[in-house]
Amino acid sequence: MDKGKMGLRTITAKFGGTSMGTAKAIAQVAEIVGGMKGPKVAVVSATSGTTDKLILLAETAAVAGNWREILDGLIEKHAVIMQELGVKLSLENFWKELGGLCEEVQKKGSLELYMRDEIIGFGERISSNILPAVLVKNGFKSVAVDAYEIIFTDNNFSEGNVDFEKTYKAVAEKLPPLLKDGVIPVVTGFIGQAENGQYITIGRGGSDYSGAIVAGALDASELQIWTDVDGIFNIDPRLEPRAKALEKLSFKEAAELAFFGAKVLHPKTIKPAIAKNIPVKILNTFNPSAPGTLVINDEEESIKSVTYKKGISIVNICSAGMLTAPGFMSKLFQVFARAHIDVDVVATSEVSVSVTVDNGEADKILDQLAKFATVRTQKGMAIVCLVGAGIIHNKHVLKDLFAAVEEHDISMVSQGSSKRNITFLVKESEAQEVVKKVFNKFFI
Ligand code: ADP
Ligand code: ASP
Ligand code: MG
């Protein structure tokens with residue numbers, strides 16, 4: 001769609017959990033949104049820690065534990081935030097509905113995924129009502145838009161797959177009329193409507209993805225991801241005080257970083273942005289004048305960042321003589337595909353194949369694999385990933401990498417097929433130390 005013809009250069013701005021975490025932070029978010037020029041849509045996460053509490057709430061209800069105490073805690077937390085913000089907004093109906101769902105779960109004595117999704121989406125449904133109340137108090141026109149009305153998925157509860165055609169059509173019908181009237185829509189992150197009409201969530205950390213979906217549907221001029229750090233850094237800034245925010249990064253580099261654990265951006269976020277070539281900017285709610293990191297199509301060759309992903313298992317599949325037999329690999333990967341398990345890294349030798357999967361996933365397929373191979377798993381591992389365009393053309397990179405981590409036992413060193421990363425496996429307990437050593441070697 002031609003942005004000029006539409007006449008609307010909409011900014012889509014997503015605010016994460018910490019940005020929505022306290023009254024002071026929400027007031028700051030309202031300042032930022034109110035100060036943006038032209039049409040804008042906000043997409044919000046739940047207040048920080050709320051989704052975890054809602055998961056606990058649902059699980060406690062399923063075992064007939066004291067879920068009411070957890071619910072009361074959530075009610076109190078939000079009441080304090082609203083009181084401090086000075087907004088009058090009744091959340092009574094949300095809490096009643098949530099309490100009703102917990103009763104249902106308790107009666108059932110089990111927690112089905114669709115019930116879990118409905119319960120854990122309440123954080124966003126509530127926060128997306130608080131922000132418009134603050135914006136209205138500040139003199140703006142603003143309404144909450146429940147993503148249930150505009151984001152549609154299949155029935156894959158807890159990780160709904162988006163039906164982009166239906167979703168883009170619904171967003172295009174619902175939001176532009178509001179924007180033309182000068183209203184700021186505040187959309188619930190993280191949730192949508194499943195094919196069967198129930199509430200669904202689109203994966204932990206999924207509000208980034210919601211933001212990208214809305215930006216894609218509106219063909220936004222920019223997708224802003226407002227978080228609690230100055231941008232995408234060359235290492236997780238919580239790990240290393242000398243971390244530096246990057247000025248620019250390509251979509252592909254950002255995708256690698258997100259996929260291999262840099263929590264600052266949800267891996268799927270990039271997809272709708274790339275498809276429409278929408279620049280993504282990572283910005284800090286608590287330091288809004290910082291330039292942030294711009295993620296775009298263009299790419300400059302240099303090493304950008306090091307990241308790691310914990311909770312990984314190595315599955316080693318050994319089948320003497322079979323490995324080079326036609327069809328073996330295909331049979332092997334079909335097992336993973338049928339179980340909907342993502343494989344991160346693969347290494348092969350004459351007699352065995354090693355793949356890495358998330359802890360917990362491995363157990364799902366051991367029986368299947370054991371039918372045609374000898375299988376060994378090694379849990380408690382982490383993938384360390386060094387990312388940057390042209391990394392493999394750098395003659396010194398492997399030598400430097402091995403030198404940096406020589407005291408550690410590393411395995412499955414591989415170069416991603418994207419040619420933008422080098423990954424290897426280490427014991428989870430050593431991951432942070434290893435990442436810091438790599439940082440020291442390449443960025444100091
Ligand atoms: P939000 O709640 O805003 O979505 P997240 O907690 O999901 O925020 O992501 C922000 C966090 O990501 C930061 O606080 C930081 O600790 C972490 N992080 C990990 N790796 C990086 C990185 N390379 N650059 C920036 N932040 C990173
Ligand atoms: N609140 C959700 C979560 O904690 C989604 C998000 O914050 O992005 O996973
Ligand atoms: Mg996040």
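Residues numbered from 1 in each chain as written. Chains lettered and ligands numbered in written order. Predicted model: local features only at pLDDT ≥ 70, side-chain atom pairs only at ≥ 80, totals over all residues. Heavy atoms only, no water.

### Regarding the overall build of the protein
Okay, step 1: Across its full length, the protein holds 15 helices and 16 strands.
Okay, step 2: The C-alpha atoms of the protein give 23 Å as radius of gyration, which agrees with the globular expectation for 444 residues (22 Å, within 12%).
Okay, step 3: C-alpha atoms of the protein, sized along the principal axes, occupy 70 × 55 × 40 Å.
Okay, step 4: Out of the 444 residues in the protein, the part that is buried amounts to 53%.
Okay, step 5: By sequence separation, contacts in the protein at least 24 residues apart represent 76% of the contacts at least 6 residues apart.
Okay, step 6: For the protein, the accessible area works out to roughly 19,800 Å², and carbon and sulfur atoms hold 50% of it.
Okay, step 7: The averaged location of the 53 negative side-chain charges in the protein is 3 Å from the averaged location of its 50 positive side-chain charges. (Helix = DSSP H or I, 4+ residues; strand = E, 2+ residues; numbered from the N terminus. Rg over C-alpha atoms; globule rule 2.2 N^0.38 Å. Buried < 20%, exposed > 50% of the residue type's maximum accessible area, 1.4 Å probe, protein only. Contact = heavy atoms within 4.5 Å. Areas by Shrake-Rupley, 256 points an atom, 1.4 Å probe, with all protein chains shown as cover. Lys, Arg positive; Asp, Glu negative; His and termini not counted. Charge placed at Lys NZ, Arg CZ, Asp CG, Glu CD.)

### Points about the site of ligand 1
Okay, step 1: Around ligand 1 sit 16 residues in total, of which Thr227, Asp228, Phe233, Asp236 and Arg238 are the nearest.
Okay, step 2: Between Thr227 and ligand 1, the recorded distance is 2.8 Å, taken from a side-chain N or O atom to an oxygen atom.
Okay, step 3: In the model, an oxygen atom of ligand 1 is placed 3.0 Å from a nitrogen or oxygen of the Lys263 side chain.
Okay, step 4: Bound to the protein, ligand 1 loses 91% of the 570 Å² it would expose on its own.
Okay, step 5: Here the residues of the shell around ligand 1 sort into 7 nonpolar, 4 polar and 5 charged. (Near = heavy atom within 4 Å. Polar contact = N/O pair within 3.5 Å; in protein donor to acceptor, adjacent residues only side chain to side chain. Nonpolar A, V, L, I, M, F, W, Y, C, P; charged D, E, K, R; others polar.)

### Some thoughts on helix H5 (residues 92-108)
Okay, step 1: Along its 17 residues, H5 runs 25 Å from first to last C-alpha, staying within 8% of the 24 Å computed at 1.5 Å per residue.
Okay, step 2: Three or more residues of H5 are buried, namely Phe94, Trp95, Leu98, Gly99, Leu101, Cys102 and Val105. Seen from one end, H5 has its buried residues packed into an arc of 160°, which puts them on one side. Relative to its buried face, H5 has exposed residues pointing more than 90 degrees away, namely Asn93, Lys96 and Lys107.
Okay, step 3: On the buried face of H5, the contacting elements are helix H3 (50-62), helix H4 (67-85), helix H6 (113-120) and helix H7 (122-137). (Expected span 1.5 Å × (residues − 1). Arc of directions from axis to C-beta.)

### Some thoughts on the site of ligand 2
Okay, step 1: The full set of residues close to ligand 2 is Ser45, Thr51, Glu124, Phe190, Arg204, Gly205, Gly206 and Ser207.
Okay, step 2: Ser45 is positioned such that a nitrogen or oxygen atom in its side chain is 3.0 Å from an oxygen atom of ligand 2.
Okay, step 3: The contact in question runs from a nitrogen atom of ligand 2 to an N or O atom on the side chain of Thr51, over 2.7 Å.
Okay, step 4: In isolation ligand 2 has 270 Å² of accessible area, and contact with the protein removes 86% of it.
Okay, step 5: Classifying every residue of the shell around ligand 2 gives 1 nonpolar, 5 polar and 2 charged.

### Quick word on the pairing of strand E9 (residues 280-284)
Okay, step 1: Burial within E9 is extensive, with 4 of its 5 residues counted as buried.
Okay, step 2: Direction of pairing for strand E7 (residues 222-227) relative to E9: parallel, over a ladder of 5 bridges. Bridge pairing links Trp226 to Leu283 in E9.
Okay, step 3: Note: E9 against strand E10 (residues 293-296), 3 bridges, orientation antiparallel. Residue pairing across strands places Val280 opposite Val295, the latter belonging to E10. (Pairing = 2+ DSSP bridges.)

### Description of the sheet that holds strand E12 (residues 346-348)
Okay, step 1: Across the sheet, 6 strands lie side by side as E12-E13-E11-E14-E16-E15; this open sheet has antiparallel pairing. Both outer strands of the open sheet, E12 and strand E15 (411-415), are each paired with one neighbouring strand and no more. Here the average twist between neighbouring strands, direction ignored, is 30°.
Okay, step 2: Examined bridge by bridge, strand E14 (residues 374-387) and strand E16 (residues 421-427) share 7 bridges and lie antiparallel to one another. Across the sheet, residue Cys385 finds its bridge partner in E16, namely Thr423.
Okay, step 3: The sheet strands contacting helix H14 (residues 397-404) are E14, E15 and E16, and the helix crosses E16 at an angle near 15°.
Okay, step 4: Relative to strand E11 (residues 305-318), helix H15 (residues 431-443) is tilted by about 125°, and along the sheet it contacts E11, E14 and E16. (Axes fitted to C-alpha atoms, helices over the stretch in contact; angles between N-to-C directions.)

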